[in-house]
Amino acid sequence: MEININCDLGEKSKHHSNKYDPDLLEIVNSANVACGYHAGDDESMNQVVQISKKNGVSIGAHTSFNDPENFGRQRMKLPPNEVRQLIIDQYEILQKIAQDHGENVTHIKPHGALNNMACEDIDLATTLAKAINEISKDLIYLVPTGSKMEEAAKKLNMRIACEIFADRNYEDDGNLVSRKKPHALITDPEEAKKHVLNMVKNQSLNCHSGKQIPCEIDSVCIHGDNISSLSTAKSIRENLIENGLQLKPLNKMEKFIND
């Protein structure tokens, strides 16, 4: 059985350090790279692309609202044409840098509030899916499993990778527990690796209440902005390999090679 580990990288900003990016790029299979709209700049994008190429890590655009002040975590109501342009512009920024290194952007994953809103709103989810499909039908769309984003992308017959979060708890409706709640995050590496393995093996979400929701899981997202995230990431990777899972970049997974 194949699985992918992805991580949000290049998020250099006043809110976030990219200090551990080189270490994380030794662990993950796919990088979601901030394109300067919520975080990051040309230097951080170049760094992530360069190290990703060396390590065989696939490159994705981590598209966001243009709101560095709030790290893309503030909800914004924008008309569909502006949302479409946000996606296209950020893809093009990163694709140009990737091509300078002889690489290509092979997936897109929305960030922060844009992602959270599209998980709940089928109209916004459809706008995002159409924009990505317009750029290239070869792009892989990385979406939270069971979300409106998955639903909208399936209607367009897109190449979809469904993800779970290694360090977050889930509500009974399949959405992430709000960061405002004390049990939103899983900080213990031992707990995180069991949480992930259980979900991947069973192809279901583990809700905080104990409920399980059957779903598709292609990828595990880890967050990497502190030293404990690094040990959590290593522990999750080792545990998946020890349990017989094959780790692959998104664009090298059989479901995308054979489609």
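Reading guide: rules and limits
- Residues numbered from 1 in each chain as written.
- Predicted model: local features only at pLDDT ≥ 70, side-chain atom pairs only at ≥ 80, totals over all residues.
- Heavy atoms only, no water.
- Helix = DSSP H or I, 4+ residues; strand = E, 2+ residues; numbered from the N terminus.
- Rg over C-alpha atoms; globule rule 2.2 N^0.38 Å.
- Buried < 20%, exposed > 50% of the residue type's maximum accessible area, 1.4 Å probe, protein only.
- Contact = heavy atoms within 4.5 Å.
- Areas by Shrake-Rupley, 256 points an atom, 1.4 Å probe, with all protein chains shown as cover.
- Lys, Arg positive; Asp, Glu negative; His and termini not counted.
- Charge placed at Lys NZ, Arg CZ, Asp CG, Glu CD.
- Salt bridge = Lys/Arg side-chain N within 4 Å of Asp/Glu carboxyl O.
- Axes fitted to C-alpha atoms, helices over the stretch in contact; angles between N-to-C directions.
- Parallel < 35°, antiparallel > 145°, perpendicular 65-115°, else oblique.
- Left-handed = near helix turned anticlockwise from the far one by under 90°.
- Core = buried A, V, L, I, M, F, W, Y, C linked by side-chain atoms within 4.5 Å.
- Pairing = 2+ DSSP bridges.
- Right-handed = clockwise from strand over helix to strand, strands pointing away.

K.L.:
Help me out: how do you make sense of the overall build of the protein chain in this one?
P.N.:
For the protein chain, the count of helices and strands is nine helices and 10 strands. For the protein chain, whose C-alpha radius of gyration is 17 Å, the value lies close to the compact-globule estimate of 18 Å for 259 residues. The principal-axis extent of the C-alpha atoms belonging to the protein chain is close to 40 × 40 × 40 Å. Here the protein chain, with 259 residues, has 55% of them falling under the buried criterion. Looking at the protein chain alone, contacts between residues at least 24 apart form 72% of all its contacts between residues at least 6 apart. Summing over all exposed atoms, the protein chain offers an accessible surface of approximately 11,400 Å²; the carbon and sulfur share of this is 46%. Here the protein chain holds 30 positive side-chain charges and 38 negative ones, and the gap between their average locations is 2 Å.

K.L.:
So what exactly am I meant to see when it comes to the pattern of salt bridges here?
P.N.:
Close approach of charged atoms allows side chains with opposite charge to pair. Evaluated as defined, the whole model comprises 15 salt bridges. Of the charged contacts in the structure, one is a salt bridge between Arg75 and Glu120, with a shortest N-O distance of 3.2 Å. Separated by 45 residues along the polypeptide, Arg75 in the loop between β3 (58-62) and α3 (80-100) and Glu120 in helix α4 (residues 112-120) bring together distant segments of the chain. The exposure class of Arg75 is partly exposed, given its relative accessible area of 46%. Note on Glu120: relative accessible area 44%, which makes it partly exposed. Within the structure, one salt-bridge network assembled from shared partners comprises Asp8, Lys109 and Glu163.

K.L.:
What exactly am I supposed to notice about the packing of α3 against helix α5 (residues 122-135) here?
P.N.:
Helix packing geometry: the angle between the two helix axes and the distance between the axes. The interhelical angle for the contact between α3 and α5, taken along N-to-C directions, is 40°, at an axis separation of 9 Å. On the basis of their axis angle, the class for α3 and α5 is oblique. Pair α3 / α5 crosses with right-handed handedness. Where α3 abuts α5, its residues Pro80, Val83, Arg84, Ile87, Ile88 and Tyr91 lie against Leu124, Thr127, Leu128, Ala131, Ile132, Glu134 and Ile135.

K.L.:
Help me understand the nonpolar core in this model?
P.N.:
Soluble globular proteins: nonpolar side chains tend toward being buried together. Leu94, Tyr141, Val200, Ile222 and Leu240 are the most contacted members of the largest nonpolar core, which has 72 residues in total. Looking at this core, the element that brings in the most residues is α3, giving seven residues. Discounting residues that sit within four places of it in the chain, Tyr141 has contacts with Ile108, Pro110, Leu128, Ala129, Ile132, Met149, Ala153, Met158, Arg159, Ile160 and Ala161. Counting residues in hydrophobic clusters, the runner-up holds six residues, among them Leu142, Leu250, Met253 and Phe256.

K.L.:
Sorry, what's going on with the pairing of strand β2 (residues 30-34) here?
P.N.:
A regular strand carries its side chains on alternate faces of the sheet. With respect to burial, β2 is a largely interior element, five of its five residues being buried. Burial along β2 is two-sided: Ser30, Asn32 and Ala34 facing one way and Ala31 and Val33 facing the other are all buried. Relative to β2, strand β1 (residues 2-9) runs parallel, the two being bridged by four bridges. By the bridge assignment, Asp8 is partnered in β2 with Asn32. As paired elements, β2 and β3 share five bridges and run parallel to each other. When the sheet's bridge partners are listed, Ala31 is paired in β3 with Ile59. Handedness of the β-α-β unit built from β2, helix α2 (residues 42-55) and β3 comes out right-handed.

K.L.:
It is not clear to me how the side chain of Thr232 should be interpreted in this structure. Could you clarify?
P.N.:
Assignment of secondary structure puts Thr232 in helix α8 (residues 227-242). The residues touching Thr232, leaving out its near neighbours within four places in the chain, are Thr187, Pro189 and Ala192.

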